[in-house]
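Here is how the chains run, residue by residue.
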Amino acid sequence: MLAYVWAVMMVVWLGALLFGVWWTWPHFERMRLTGELVAALFWLIMGALAWILALRLGMARYWPRRR
């Protein structure tokens, strides 16, 4: 059960990251370096890196490879 809760949380987190990209897309289209664009990039990159780390740790804990 915990593995499925973790999987749902990961999907929700990924959805939030994609929503963040959609929300800041106008800043990316303008291609001007502003404080808002730098802050958005920082949060999106840190969120993506944390998501990847959580994915790797969760996969190792909840779905270990059996040999």
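See above for the structure.
Starting from 1, residues in each chain are numbered consecutively following that chain's sequence as written. Side-chain atom pairs in this predicted model are given and counted only at pLDDT of 80 or more, local residue features only at pLDDT of at least 70, and totals for whole chains, interfaces and linings cover all residues. Note that water and hydrogens are dropped before the side-chain values are worked out from all heavy atoms of the structure.

Quick notes on the overall build of the chain
Within the chain, the secondary structure is distributed over 2 helices and 0 strands. Atoms considered for the radius of gyration are the C-alpha atoms alone. The globule rule reads 2.2 Å times the number of residues to the power 0.38. For 67 residues, the compact-globule estimate of 2.2 N^0.38 gives 11 Å, and the C-alpha radius of gyration of the chain, at 15 Å, exceeds that figure by more than 25%. Across its three principal axes, the chain shows a C-alpha extent of roughly 50 × 20 × 15 Å. Throughout this description, buried means an accessible area under 20% of the type-specific maximum (1.4 Å probe, protein chains only), exposed means over 50%, and partly exposed covers the range between. For the chain, buried positions account for 19% of its 67 residues. Any two residues whose heavy atoms approach within 4.5 Å at even a single point are treated as in contact. Taking as baseline every contact in the chain between residues at least 6 positions apart, the subset at least 24 positions apart corresponds to 72%. Approximately 5,900 Å² of the chain is accessible, and the part contributed by carbon and sulfur atoms is 73%. Helix and strand definitions follow DSSP, with helices as H or I runs of at least four residues and strands as E runs of at least two, each counted in order from the N terminus. Each accessible area is a Shrake-Rupley result for a 1.4 Å probe, and residues are judged covered by the shown protein chains and nothing else.

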